[in-house]
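# Summary of structural features
Below are the chains, spelled out letter by letter.
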Amino acid sequence: MAETHTPNASATSTGAGLFQSQLDIAGTPLIADEPVDLGGLGTGPGPYDLLAAALATCTTMTLRFYAQRKGWDIGEVSTHVTHHRDAKQSPADRFDRVITLAPGLDAATREELLSIANRCPVHKTLTAGSAVNTDLVGDL
């Protein structure tokens, strides 16, 4: 059995609709679901929405942290991520990320920030792949 630990996230089915789940993400509650056109109730973000959000927020946080360490005032950073899936392509999943930086940053700074964005931890996890270990518990 896996070691005991406090989970970063947990999901429990609510019984409302086929997909709706009550999430606990680091102590913050949230409802997740699938859109109506996929058989859900449309009451919250879906799993890929949450994954896209993880990439967007990690990118923004990483850029702000890096700029602060360098002593740069880069102003507001905004990251938008869209997920696409096409089973005919390899890999089938693609995340399109658009980072908006405050105007007035020189080309060298912008290029360095792009390099840093590509090294944010979630980006690295998505591009490298991950191991997932699963234990099934409960009565037989």
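Above: the structure in question.
The text that follows walks through the structure, step by step, so that each part is easy to find. (Residues numbered from 1 in each chain as written. Predicted model: local features only at pLDDT ≥ 70, side-chain atom pairs only at ≥ 80, totals over all residues. Heavy atoms only, no water.)

### Let's talk about unusual backbone geometry
To keep things clear, this is the line we draw: For helices the rule is a DSSP run of H or I covering at least 4 residues; for strands it is a run of E covering at least 2, with both sets numbered from the N terminus onward.
Here the bond from S90 into P91 is cis, since omega is -5°, no more than 30 degrees from zero. Examined against the element boundaries, P91 turns out to sit in the loop between β4 (77-85) and β5 (93-101).

### A short note on the environment of L41
Worth spelling out the cut-off: Buried means the residue's accessible area, taken with a 1.4 Å probe over protein chains only, is under 20% of the maximum for its type, while exposed means over 50%, and partly exposed covers the values in between. Residues are treated as being in contact if the distance between any of their heavy atoms lies within 4.5 Å.
Within the secondary structure, L41 sits in the loop between β3 (28-32) and α1 (47-70). Here L41 falls in the partly exposed class, since its relative accessible area comes to 41%. The sequence separation of L41 and A16 amounts to 25 residues, and the corresponding C-alpha distance is 8.2 Å. Residues contacting L41, with those up to four places away along its chain left out, are A16, G17, Q20, D33, E34 and V36.

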